[in-house]
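Overview (structure and organization)
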Amino acid sequence: MSRKPNLLFVLADQLGLNQCGYAGSPTAHTPNIDRFAGESADFRNTVASTPVCAAYRASLFTGKYTTSTGMVINELRLNPAHRCLGHVVSEAGYDTCYIGKWHLYANELGNHEDPKNSFVPRGPDRLGFDGHWAGYNFHHVYYDTYYHSETADKIFYGKDVYEPDAQTDMMIDWFSKRQDPETPFCAFLSYGTPHDPWVDSNVPERFRNMFSTANFENPPNYKDENDPYADKWGRLDDKEREELPLWRRNYCAMTANLDWNIGRLLGALEAKGLKDDTIVVFSSDHGEMFGAQGRRAKNTFYEEAARIPLLVRWPQAVPTGLVSDACLSTVDIMPTLLGLMGLEIPESVEGMDCSAIARGATAPGPAAAFLQNKGACAAWEAGSEWRALRDSRFTYAIYRRDGKELLFDNTVDPLQMEDLAPKEEYEQTLRGFRNALAAKMESIHDTFECCTWYRDNWTENRIILRSATMA
């Protein structure tokens, strides 16, 4: 090739793999994503290293685990000294564009609409995305909302404009107005959907109507009692349990809208002659439990929350319809993309370059994906910390609070309804996972601290001042 490929990364928020049609969801309406999956390399065993919004994003851009970035809970401000994907592509001469949710700059719990939390000023905190910026730190109301560009002034899409529709229009418009089409670009479109609140007023009516007669009963692994290891964001009260069918319906409606916008985006890319020269990635930061295992939200190793879509399309180099069993996690995405693009992979990266697999080669991938939880979703509360490994067959997890272990065979028990850890015949398997987990944690200096340890040792006023492996 005469020049480096473009990169377009499309990121959903809270879309689990189990909620995609191509992965077998009986309720999803995702024809564009399904079609895209058939044109892409499908990394079917991908998980979020830490299934929480900010933690995922920090790992995505740095290629490091959460115990190295310090982004152990939401509503922290990432230390910008890490060497990130944006730095690499900018230094390689790429145009950059970032549209949508950022979630790496706040430093207080709540007060999301204050510009001191919603606006990310130009400079080091944009982590190398030095080109076009139309972002915001965090919100999940999708009508009458806004973004920021170069000032703290809020730029509103319009009272009756649905945010994902406007963001897609903005990305398509950016493709059209680029000054130098010969310069490669790196563009991120970070949608807020299908993240809650799943209320009727937060979803376009025409997409809600698509699911008006669908059945949204509780799944077989639904539990009436809350998981005792869940933090307050992971627990359901009686009213919320009654609302689960409505939540699921509106979640599917948001996902259908997301799919429609992705179809528009991919169509525009092709119409502008950019399809062959552009690596397009579709993924998500984590999934949603919806009452499965007695939990809501994310922040857990269970499949509904941890397992995410990862589709990579590049007609020039990635075989169409490739399905890989490699066990990737968030930290592997950055080095894999940089490897495909032929760019430098920072030495500080803790993930693995799987670009050879994406190209169709028979090459080793990660034997198992490592997952971490360092505490409550967004509060400095100890007691829910865990570590886990997921290989192509099993999920193994251990809680810090009392050392409780769990083991699931995902091939015969995809809903993870039978814990095999107490069974004598799985003792050898359990021991193997214990040893592998200990070795992995030692390799990245993860000492399994409680949540508040990071508050007391790494942060000041929720700004991360220290991280284990800086640039």
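Presented here is a report on the structure given in the accompanying data block.

Basis of the calculations
- Residues numbered from 1 in each chain as written.
- Predicted model: local features only at pLDDT ≥ 70, side-chain atom pairs only at ≥ 80, totals over all residues.
- Heavy atoms only, no water.
- Helix = DSSP H or I, 4+ residues; strand = E, 2+ residues; numbered from the N terminus.
- Rg over C-alpha atoms; globule rule 2.2 N^0.38 Å.
- Buried < 20%, exposed > 50% of the residue type's maximum accessible area, 1.4 Å probe, protein only.
- Contact = heavy atoms within 4.5 Å.
- Pairing = 2+ DSSP bridges.
- Axes fitted to C-alpha atoms, helices over the stretch in contact; angles between N-to-C directions.
- Parallel < 35°, antiparallel > 145°, perpendicular 65-115°, else oblique.
- Arc of directions from axis to C-beta.
- Expected span 1.5 Å × (residues − 1).
- Polar contact = N/O pair within 3.5 Å; in protein donor to acceptor, adjacent residues only side chain to side chain.

**What to know about the overall build of the chain**
The helix and strand inventory of the chain stands at 13 helices and 16 strands. The globule rule puts the C-alpha radius of gyration for 471 residues at 23 Å, and the 21 Å found for the chain is close to it. Structurally, the chain occupies a C-alpha span of about 65 × 50 × 45 Å along its principal axes. Put simply, the chain has 471 residues, and 61% of those count as buried. Within the chain, residue pairs in contact and separated by at least 24 positions form 72% of the contacts whose partners lie at least 6 positions apart.

**Section: the sheet that holds strand β10 (residues 323–324)**
With respect to topology, 8 strands assemble into an open sheet ordered β4-β3-β7-β1-β8-β9-β2-β10, the strand pairing being mixed. Looking at which strands have only one partner, the edges of the open sheet turn out to be β4 (132–136) and β10. Relative to strand β7 (residues 185–190), strand β3 (residues 95–101) is paired through 6 bridges, and the arrangement is parallel. Note on β7: the bridge partner recorded for Cys97 is Ala187. Contacts from helix α1 (residues 31–38) reach β8 (278–284) and β9 (310–313) within the one sheet, and its direction differs from that of β9 by about 60°.

**Looking at the packing of α1 against helix α8 (residues 238–271)**
Orientation of α1 relative to α8, taken along the N-to-C sense of each, is 50°, at an axis distance of 7 Å. In terms of their interaxial angle, α1 and α8 are classed as oblique. When α1 is examined against α8, the residues Pro31, Asn32, Ile33 and Phe36 are found in contact with a partner set consisting of Asp259, Trp260, Ile262, Gly263 and Leu266.

**A short note on helix α13 (residues 451–458)**
Those residues of α13 that sit buried are Cys451, Thr452, Tyr454 and Trp458. Projection of α13 onto a plane perpendicular to its axis shows the buried side chains occupying an angular sector of 165°, all on one side. Lining the buried residues of α13 we find α3 (66–69), β12 (386–390), β15 (459–460) and β16 (463–464).

**Here's the deal with the environment of Met334**
Turning to its location among the elements, Met334 is positioned in helix α10 (residues 330–341). Sequence spacing of Met334 and Glu350 is 16 residues, and the spatial spacing of their C-alpha atoms is 10.0 Å. With residues up to four places along the chain from it excluded, the contact list for Met334 reads Leu60, Phe61, Thr62, Gly63, Arg83, Cys84, Leu85, Pro346 and Val349.

**Digging into α10**
For α10, built from 12 residues, the straight-helix expectation of 16 Å at 1.5 Å per residue is met to within 8% by its first-to-last C-alpha distance of 18 Å. For α10, the tally of buried residues reaches 11 of 12 residues, placing the bulk of the element in the interior. Residues Thr330, Val331, Asp332, Ile333, Met334, Pro335, Thr336, Leu337, Leu338, Leu340 and Met341 constitute the buried set of α10. Where the residues of α10 are buried, they touch β1 (6–12), α2 (53–62), α4 (85–91), β8, β9 and α11 (355–358). At the C-terminal side of α10, Gly342 shows a positive phi close to 75°.

**Remarks on the side chain of His195**
Tracing the backbone through its elements, the reader meets His195 in the loop between β7 and α7 (205–208). Residue classification places His195 among the buried residues on the basis of a relative accessible area of 7%. Engagement of the side chain of His195 in a polar contact is seen with the side chain of Asp196, the distance being 3.0 Å. Within polar-contact distance, the side chain of His195 engages the side chain of Lys298 at 3.3 Å. Filtering out sequence-adjacent residues up to four positions away, His195 remains in contact with Asp13, Gln14, Cys53, His140, Tyr142, Met254 and Lys298.

**Notes on the pairing of β1**
Of all 7 residues in β1, 7 are buried, a share of seventy percent or more. Here β1 shows two buried faces, one formed by Asn6, Leu8, Val10 and Ala12 and the other by Leu7, Phe9 and Leu11. Note that β1 and β8 share 7 bridges and pair parallel. Opposite Leu8, over in β8, you have Val280 as the bridge partner.

**Here we look at unusual backbone geometry**
Residue Pro194 is reached from Thr193 by a cis peptide bond, and omega for that bond is 5°. Within the fold, Pro194 resides in the loop between β7 and α7. With an omega of 15°, the peptide bond between Asp196 and Pro197 qualifies as cis. Backbone geometry at Gln293 places phi at a positive 60°, although glycine is not the residue there. Inspection of the secondary structure puts Gln293 in the loop between β8 and α9 (303–306). On the basis of relative accessible area, Gln293 is assigned to the buried category, the value being 4%. The phi dihedral of Asn461 is positive, around 55°, even though this residue is not glycine. Position of Asn461 among the secondary structure elements: in the loop between β15 and β16.

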